[in-house]
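Listed below are the residues making up each chain.
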Amino acid sequence: MQLLSLCNAMDYIREYKSFINSHNLNGAVRITVGITLPAILLGYFNNLSAGIVVSIGAMCVGNTDNPGPIHHRRNGMIACVLILFVVSLMTGLVSRSAVLTGMLVLGFCFLFSMLSVYGNRASSIGVNALLVMVLNIDRPEHGWDILINAAYVLAGGTWYTILSLLLYSFRPYKLIQQALGECVETTAGYLRIKASFYARNVDYDKSYRQLVEYQIDIHEKQDLVRELLFKGRNIVKDSTPTGRVLVMMFLDIVDLFERVMTSQQDYSSLHRFFDDGDLPEECRQLILDMADELDGIGIAIKSGKPSVETSHLSSRIRQVQESFIRYRDAKRTAENVEGFIGMRHILDSIEDIADRLHTLHGYTTYDRKFSKEVGPLVDFEQFVTHQDIDRKLLRENLTLTSNIFRHSLRVSIATFAGYLISRFLPFGHGYWILLTITVILKPAYSLTKKRNYERLMGTFAGALIGLLILYFIKDRAVLFVVMILFMTGTYVFLRTNYLICVTLMTPYVLLLFHLLYANDFRSVLSDRVIDTVIGSAIAFIASIFIVPSWEHEQITDYMVRVLEANAAYFRDVSAAFLGRPVTVTQYKLSRKHAFVALANLSDAFNRILSEPGNRNRLKQADKMHQFVVSNHMLTSHIATLGYYALPLPEKYADPVYQPVIQLMSTRLENTIAFLQGKNRTGESRMGKEDLRILNEKMNALMDQRKVELEQGIIESDTRRQLTGFKPVVDQFNFIAKVTADIEKLSQTLSPGALDSPSFSGPLSAVSTGKPI
C-alpha cells in the first residue's frame, strides 16, 4: 500500500512538472497579461471603457497566436490586426441599421469561414474576426466614435503582437523545446499501452483502441515539431549547439517511436509459452520503467534542463535478462524453442530502446559533442506541408462538393438566424447567441455535437462555481485575483479540453461582469445561460439540416489513402530484399505518409460513430474497426521488416523474395481497386508457393535446431542462421495474413455501404491476441 501511494505521489509530481513547463501554460500567461494589462492601465487613468476595447483587440489576436514557426505567427498576427480593424470599422458603420447589420452578419460569416481553406491559422483568424464583429453588434456607435473604437481594437492587437514577438526574441527555442517535450511524453504514453500486452488476461480490444488513439495524438505533436523545426528556416542551419541538438533529438524520437512500433509480437503465443512464469510481467514492468524514464526526458526537454539518468534502468534490464537465462536453462525444450527465440528478440528490442533513451539523456545537456551537423541524408523540405495563399484555391472551393463551402453556408445561415431571433427577444445579450453559434459550429457534425455538449455542461457547471465564489467571497481584490486565475485556466485548456475551458471561462466572465456592473449581475447570469442554450440549439439544428457534411460519405477515401500509403511504405521497405534499397529520405518520407494516413483514418472513423442514425449497422461498424486495427498492424509489421533489412540490405537481398513481395503488393492493389470500384488483378500462385518454400526452409532450420538442443548443443551455425532468418520470415507471414484479411474485409465493406446515414453506433473491436 505504501509503495502504491508513493507511485501515485510520483505520478502527481511528474504531471505537475509537465504542466508548469508546458507551452499551454506559457501561452495562457502570455495571453492573460496581454489582455488584462491594457484594461488595468487605462482603468487606472479613468478610461476603463477604452481599456476594455483595447483588451478585446489583444484577446482576438492572442487567440490566433497558435504554436508554429515564428514567421507564420508574425504574419498571422499582422494580418489579424488589420482584419480586426476593418471588421470593427464596418460593424460600427452599419450597427445602427438592423437590415445592414443582418447583411453584414450573413456576408462576414460566409467570407471568414471560407478562410479555412488556407489552414488552421487562417481559420483561427476568421473565427476571431467574427468574434470582433459579434462583440461590436450590441454597441452601436456614431460619428468619430466608430473610428476611435476601431482604432482601440487596432491598438490592442498591435500591443499583443509586439508583446508576443518580444517574448519570443528572449527565448527563441522555448516553444520548440516545449512541443518536443510533449511529443516525447506522448510517445511514453504509447509505450505504456504496449506494456499492457504483456499483462495476463490483457484486454486486446481496449489496448488496440488506445494504441490507435495515441498514434493520432503522436502524429499531431510530431507534425507541430516538424513545422517548428523545418519551417523555422534558421533552425536546421543553426550554427549554435542548441538548434542542431533539437533537430537530432526530434529525428531520434521519431525513430524511437518507429522502434516501439516494430516491437509487435504474437502476444497470444507469448502468453502461451511463458505465463507459467514471471517473464511477461517482468517485461511489462521494465517497459513501464522505460516509459517513466522517457517521461522524465520529456519534462527535462520542456524545462531546458538536463535530465537525470540513473543506473536503475540498466540494472533492471540485467535482472530481466538473468531471469530469462535462468528460465531458458530450466524450461527450454525442443518444443518451445520458437517461444524463446521470440522472447530473445523482445529483450533485444528493450535493450535497443534503452540505448536510445541513453542518447536522449545526453542530448538534454546540449553538449557540443552531441551537436553534430545534420547531414545531407534527409531533405527536410519534403517532410513539411506548405500552404500558399492563392485565390485559385478559394475559387475551387466555391462548390457544394467542398466541405468548407458547406460549413461556411451553415455558419452564415445559422448566425443570421441567431441574429434575427436575438432581435425579437425581450431579454439577453444578443451577441452571446451569435458567439455561441460561431464557436460551436464546426465542419464535421461530430465535432459540433461534442462542442455543443461541452459548451452547455461547461456553462452550467461554471455558473454554479461562479455563484459559490460570489457567495463566499466578498472582497473585490480577492475576486479580481480569482478572476485572473480563471482567465489563465481558460487559455490553458482552450486548445486541449474545451469542456474545462468553458467551465473556467463562465465564472471568469461572471466575475468580470460582477466587478464592472455589480447591480446587473443576476440578469447577466440568467442571460448567459439562456443565450447559450438558444445558440447551442440553433447550432445543433444547423449541423443536421443545413447542407450537412457527413464523415461516412468520405470514409472510403480515407481507406484508400491508408492502403496507398501502406503499399508505398511496403514497396520501399521490401526493395531492400530485392537488392534495390531506397534512400533514407525516401524511406522516412513513405513512413511518415503511412503514419499520417493511418492517424487520419482512425480519426475519421471515431467521428463517424457520433453521427446520427439507427443502430442496424453495428456489424458493419465492427468490420470497419477491424479494418482500422488491421492497417495499424500492417504498418507495424512493415516497420519491423524495415528494422531488420534497411541497416544491412546486402545481407537480406535474395531473388526468392520477389514473388512473395509481389503477392502482398497485389493484394493491397486489389483492395484499393475494389474500394474504388475498379477491376482487380489475380493473385500470383508463385507468390504463395514461394512463401510456402520460405516457411519450409525456416521449419527445417527449426527442426534442425530442436535436434541440436536434444543433443545438448547450445551454440551452432544453425542457431545464428535461425536468429537472423526467422524474424524476417515471421514478418512476411504476418504481412501476408494481414493483407489477406484486409482484402477480405474490403469485400464485406462494399463501396457505398458506409455511405448510408444509418451507419452509426458503438462497436466491438476485434478481440484477438494475434495481429490480424
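The structure displayed is predicted, hence computed values, not measured ones.

Q: Just to check I follow, could you spell out the overall build of the protein for this structure?
A: If you tally the helices and strands in the protein, you get 28 helices and zero strands. The proportion of buried residues among the 772 residues of the protein is 57%. Counting contacts in the protein only where the partners sit at least 6 residues apart, residues at least 24 apart contribute 83% of the total. Just so you have it, the protein exposes about 34000 Å², and 59% of that area is on carbon and sulfur atoms.

Q: What's the story with the pattern of salt bridges in this structure? I'm lost.
A: Side chains that carry opposite charge are capable of pairing whenever their charged atoms lie near each other. A complete count under the given rule lists 20 salt bridges for this structure. In this structure, the salt-bridge partner of Asp-295 is Arg-192, at a minimum N-O distance of 2.6 Å. Placement of Asp-295 in helix H12 (residues 279-303) and of Arg-192 in helix H8 (residues 174-196) is noted, with a sequence separation of 103 residues between them. One salt bridge connects Lys-588 with Asp-255, and the closest N-O pair in it is separated by 3.7 Å. Taken together, the positions of Lys-588 in helix H23 (residues 584-608) and Asp-255 in helix H10 (residues 241-261) put the pair 333 residues apart, joining distant regions of the chain. The exposure class of Asp-255 is buried, given its relative accessible area of 19%.

Q: For this particular structure, what's the right way to read the packing of aromatic side chains?
A: To describe a pair of aromatic rings, one takes the distance between the centres and the angle between the planes. For the coordinates displayed, the defined rule picks out 15 aromatic pairs. Relative to Phe-45, the ring of Tyr-44 has its centre 5.2 Å away and its plane inclined at 85°; by these criteria the two rings are edge-to-face. Of the two residues, Tyr-44 and Phe-45, both sit in the exposed class. With 5.1 Å between their ring centres and 55° between their planes, Phe-197 and Tyr-208 make a pair best called tilted.

Q: Would you take a moment to explain the packing of helix H18 (residues 445-472) against helix H19 (residues 476-492) for this structure?
A: Between two packed helices, the angle of one axis relative to the other and the distance separating the axes together describe the packing. Running from amino to carboxyl end, H18 crosses H19 at an angle of 160°, the nearest separation of the two axes being 11 Å. The angle between H18 and H19 places the two elements in the roughly antiparallel class. As H18 runs across H19, the sense of the crossing is right-handed. For the pair H18 and H19, contact is made by Ile-465, Ile-469 and Leu-470 and by Leu-479, Val-482 and Phe-486, respectively. Here the residues of the contact of H18 with H19 are counted per class, giving six nonpolar, no polar and no charged.

Q: For this particular structure, what's the right way to read the side chain of Asn-149?
A: In this structure, Asn-149 sits in helix H7 (residues 144-170). If near-sequence neighbours (up to four positions away) are discounted, Asn-149 is found in contact with Val-53, Asn-136, Arg-139 and Glu-141.

Q: Just to check I follow, could you spell out helix H5 (residues 98-114) for this structure?
A: Because the α-helix completes a turn every 3.6 residues, residues three or four places apart line up on one side. Over its 17 residues, H5 runs 24 Å from end to end, which matches the ideal 24 Å to within 8%, given 1.5 Å per residue. Those residues of H5 that fall on the buried side of the exposure criterion are Thr-101, Gly-102, Leu-104, Val-105, Phe-108, Cys-109, Phe-112, Ser-113 and Met-114. Close packing links the buried residues of H5 with helix H4 (70-94), helix H6 (120-137), helix H15 (391-396) and helix H16 (403-424).

Q: Help me understand a nonpolar patch on the surface in this model?
A: Nonpolar side chains collect at one region of the surface, where Val-29, Val-33, Leu-37 and Leu-41 lie side by side and expose about 290 Å² of accessible area between them. The topology assignment puts Val-33 in helix H2 (residues 23-44).

Q: Would you explain unusual backbone geometry in this entry?
A: Excluding glycine, most residues fall at negative phi; most peptide bonds, likewise, are trans. The residue Asn-201 is not glycine, and still its phi comes out positive at about 55°. With respect to the secondary-structure elements, Asn-201 resides in the loop between H8 and helix H9 (204-230). Among the residues examined, Asn-201 registers a relative accessible area of 81% and is labelled exposed. Backbone geometry at Val-547 places phi at a positive 30°, although glycine is not the residue there. Mapped onto the secondary structure, Val-547 falls in the loop between helix H21 (521-545) and helix H22 (555-574).

Q: Honestly, the confidence of the model for the protein in this entry has me stumped. Any pointers?
A: Low-pLDDT stretches of the model should not have their predicted coordinates read in fine detail. Confidence in the prediction for the protein averages 82 pLDDT; 87% of positions are at 70 or higher. Counting contacts from residues 751-772, a segment whose pLDDT is below 50, to residues more than four positions away or on other chains yields 83 contacts.

Q: Explain the environment of Asn-47 here, please?
A: Summarising the element assignment, Asn-47 is placed in the loop between H2 and helix H3 (48-63). Among residues more than four places away in sequence, those in contact with Asn-47 are Leu-42 and Tyr-152.

Q: Would you mind showing me how to read the packing of H19 against helix H20 (residues 498-516) here?
A: H20 packs onto H19 with a crossing angle of 150° between their chain directions and a minimal axis gap of 8 Å. As judged from the angle between their axes, H19 and H20 are roughly antiparallel. In this structure, the crossing between H19 and H20 has a hand that is left-handed. On H20, the residues that touch Arg-476, Leu-479, Phe-480, Val-482, Met-483, Phe-486, Met-487, Gly-489 and Thr-490 of H19 are Cys-501, Leu-504, Met-505, Pro-507, Tyr-508, Leu-511, Leu-512, His-514 and Leu-515. In the contact of H19 with H20, the residues fall into 14 nonpolar, three polar and one charged.

Parameters and conventions
Position numbers for residues count from 1 along each chain, tracking the sequence in the order it is written. In keeping with the model being predicted, local features are shown solely for residues with a pLDDT of at least 70 and side-chain atom pairs are shown and tallied solely at 80 or more, while totals for entire chains, interfaces and linings include all residues. Derived side-chain values reflect all non-hydrogen atoms in the structure, with water molecules and hydrogen atoms excluded from consideration. By definition, any uninterrupted DSSP run of H or I lasting at least four residues is a helix, any uninterrupted run of E lasting at least two residues is a strand, and each is numbered from the N terminus. For every residue, the accessible area obtained with a 1.4 Å probe (protein chains only) is divided by the maximum for its type, and the residue is called buried under 20%, exposed over 50%, and partly exposed between those limits. Any pair of residues with heavy atoms lying within 4.5 Å of one another is described as a contacting pair. Throughout, the Shrake-Rupley method with a 1.4 Å probe supplies accessible areas, and for residues the shown protein chains are the sole cover considered. Any Lys or Arg side-chain nitrogen located within 4 Å of an Asp or Glu carboxyl oxygen qualifies as a salt bridge. What counts as a ring pair is set by centres within 6.5 Å for rings of Phe, Tyr and Trp (its six-membered ring), and what kind of pair is set by the plane angle: stacked under 30 degrees, edge-to-face over 60, tilted for all other angles. Between the N-to-C directions of two axes lies an angle of 0 to 180 degrees, each axis being a line fitted to C-alpha atoms and, for a helix, fitted only over the stretch in contact. Throughout, the term roughly parallel applies to angles under 35 degrees, roughly antiparallel to angles over 145, roughly perpendicular to angles from 65 to 115, and oblique to all others. Handedness of a helix crossing follows the sense of rotation of the near helix relative to the far helix, less than a right angle counterclockwise being left-handed and clockwise being right-handed. In this classification, Asp, Glu, Lys and Arg are treated as charged, Ala, Val, Leu, Ile, Met, Phe, Trp, Tyr, Cys and Pro as nonpolar, and every other residue, Gly included, as polar. Expected span of a helix, by definition, is 1.5 Å for each gap between consecutive residues, and there is one gap fewer than residues. Patch criteria: residues need more than 30% relative accessible area and no salt bridge. Like-charged residues are merged within 9 Å; nonpolar side chains of Val, Leu, Ile, Met, Phe, Trp and Tyr are merged within 5 Å. Per residue, pLDDT measures the predictor's confidence, with a range of 0 to 100.

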